Amino acid sequence: MYGCSTTVPVTAKFPEAPEKLMEKCPQLKKIPDEAKLSEIGTTVVENYTTYYECAVKDDAWIEWYQIQKHIFESVK
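About the criteria used
Residues numbered from 1 in each chain as written. Predicted model: local features only at pLDDT ≥ 70, side-chain atom pairs only at ≥ 80, totals over all residues. Heavy atoms only, no water. Disulfide = S-S within 2.5 Å. Helix = DSSP H or I, 4+ residues; strand = E, 2+ residues; numbered from the N terminus. Buried < 20%, exposed > 50% of the residue type's maximum accessible area, 1.4 Å probe, protein only. Expected span 1.5 Å × (residues − 1). Phe/Tyr/Trp six-rings, centres within 6.5 Å; stacked < 30°, edge-to-face > 60°.

(A) Focus on the state of the cysteines. Applying the stated criterion to the full structure yields 1 disulfide. Paired through a disulfide, C25 and C54 show a sulfur-sulfur distance of 1.5 Å. Disulfide C25 to C54: torsion about the S-S bond roughly -85°, handedness left-handed. In this pair, C25 sits in the segment before α1 (37-74) while C54 sits in helix α1, placing the two residues 29 residues apart along the sequence. For C25, a relative accessible area of 33% puts it in the partly exposed group.

(B) Molecular detail of α1. The end-to-end C-alpha separation of α1 is 55 Å, in line with the 56 Å expected for 38 residues at 1.5 Å each. All of the buried residues along α1 are T43, N47, C54, A55, W61 and Y65.

(C) The packing of aromatic side chains, seen in detail. As enumerated under the stated definition, the model contains 6 aromatic pairs in all. An angle of 15° between the planes, with centres 6.0 Å apart, marks the rings of Y48 and Y52 as stacked. Of this pair, Y48 and Y52 both sit in helix α1, 4 residues apart, roughly one helical turn. The partly exposed category is assigned to Y52, whose relative accessible area is 48%. Cluster of aromatic residues (ring-pair linked, three or more members): F14, W61, W64, Y65 and F72.

Right under this line is the structure:
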């Protein structure tokens with residue numbers, strides 16, 4: 001039996017992240033100049049929610065990706 005042999009080194013490249021996962025977080029809402037206090041409070045709460053949801057998602061994704069890349073590169 002003969003196995004496949006090559007004189008050219010074969011190196012696997014860690015895959016790039018999908019575009020969907022590389023999307024930036026949405027813009028936060030701006031408060032109108034003539035806003036009522038209740039509108040300001042609602043906007044602030046919505047912005048905090050949007051920011052922290054995005055931050056948690058991005059942090060988790062970045063951590064997972066870096067760990068997987070490190071594992072992939074250390075297996076050689």
